[in-house]
Amino acid sequence: SQTIHQWPATLVQPVGSPLSLECTVEGTSNPNLYWYRQAAGRGLQLLFYSVGIGQISSEVPQNLSASRPQDRQFILSSKKLLLSDSGFYLCAWGRDYEQYFGPGTRLTVT
Amino acid sequence: GIQVEQSPPDLILQEGANSTLRCNFSDSVNNLQWFHQNPWGQLINLFYIPSGTKQNGRLSATTVATERYSLLYISSSQTTDSGVYFCAVEVIGRRALTFGSGTRLQVQP
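Residues numbered from 1 in each chain as written. Chains lettered and ligands numbered in written order. Predicted model: local features only at pLDDT ≥ 70, side-chain atom pairs only at ≥ 80, totals over all residues. Heavy atoms only, no water.

1. A look at the nonpolar core
Heads up, the rule is: Nine residue types can take part in a nonpolar core, namely buried Ala, Val, Leu, Ile, Met, Phe, Trp, Tyr and Cys, and a core is a set of them joined through side-chain atoms within 4.5 Å. Burial status follows relative accessibility: with a 1.4 Å probe on protein chains alone, a residue under 20% of its type maximum counts as buried, one over 50% as exposed, and anything between as partly exposed. The secondary structure listing takes helices from DSSP runs of H or I that are at least 4 residues long and strands from runs of E that are at least 2 residues long, numbered from the N terminus.
With 22 residues, the main nonpolar core has Trp34 and Val89 of chain B as its most contacted residues. Elements with a minimum of two residues in this core: β2 (10-14), β3 (19-25), β4 (29-37), β7 (59-64), β8 (69-74), β9 (83-91) and β11 (103-108) of chain B. The greatest single-element share of this core, amounting to 4 residues, is contributed by β9 of chain B. With 19 residues, the next largest nonpolar core counts Leu21, Leu64, Ala66 and Trp93 of chain A among its residues.

2. Looking at unusual backbone geometry
Each neighbour pair has its own omega, and for tryptophan 7 of chain A with proline 8 of chain A the value is 0°, a cis peptide bond. Inspection of the secondary structure puts proline 8 of chain A in the loop between β1 (3-7) and β2 (10-13). Serine 7 of chain B connects to proline 8 of chain B through a cis peptide bond whose omega is -10°. The residue proline 8 of chain B is located in the loop between β1 (4-7) and β2 in this model. Positive phi, normally seen in glycine, also occurs at asparagine 30 of chain A, with a value near 50°. If you trace the backbone, asparagine 30 of chain A turns up in the loop between β3 (19-26) and β4 (32-38). A positive phi angle, close to 60°, is found at arginine 68 of chain B, a residue other than glycine. Within the secondary structure layout, arginine 68 of chain B lies in the loop between β7 and β8.

3. Details of the layout of surface pockets
This is how the line gets drawn: Think of a 1 Å grid over just the protein atoms. A cavity is a set of points where a 1.4 Å probe fits yet cannot get out, a pocket is an open set with protein on both sides within 12 Å along at least five of seven lines, and lining residues have an atom within 4 Å of a point. Grid points are joined across faces, edges and corners, and a volume is the space filled by probe spheres set on the points. In this classification, the charged set is Asp, Glu, Lys and Arg, the nonpolar set is Ala, Val, Leu, Ile, Met, Phe, Trp, Tyr, Cys and Pro, and all remaining amino acids, among them Gly, are polar.
Its boundaries defined by the atoms lining it, the largest pocket holds a volume of some 240 Å³. Lining the largest pocket are 16 residues, and of these Gln37, Asn38, Pro39, Val84 and Arg104 of chain B lie nearest its centre. Contributions of two or more residues to the lining of the largest pocket are made by β9 (87-95) of chain A together with β9 and β11 of chain B. Looking at the lining of the largest pocket residue by residue, the class counts come to 5 nonpolar, 8 polar and 3 charged.

Structure below.
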């Protein structure tokens, strides 16, 4: 069966510091991969998605970037965090339309 | 872009009660999913239901694609059903989900 991992689970970072969040998927090959953010409140916002190694589509212009160095690895990065980057970051994988989410990383920027 | 509206925004039930959650969407979709977000933030897949009706235990869902809405039914609710329920859709030609703002459900003992 497929599993999706994210780390770290929680992170507290000062404004201006760099960020690297990692997501890996097991048990499948060539999945579509996604990064979403959930700010205070309820809605989830798509940040990036990838249909293959090195192929990244950005949904929202911001100071975040994503990379897919391996088939089942998806990384979310920032060079300098802003207070507004605080939130709950969720990675998801999908095939044939249905998507499955990881446990998430709760980021607090202070 | 597509609009996804969920109602009601908040719902408080007594244990054992039934409820219906609604999701309206503004365009044709090729994917509709219902999720339950538990208190730890994990999004749990409930249904993949772009059309038709499905049932899984006390939960069932119906999507009427031609009328652009979906319903999630919870019967004999339990306290473990508490959390936020999200509807999410994928527009034809786009690979990612657009989420509604959710229904926050609280089931009281």
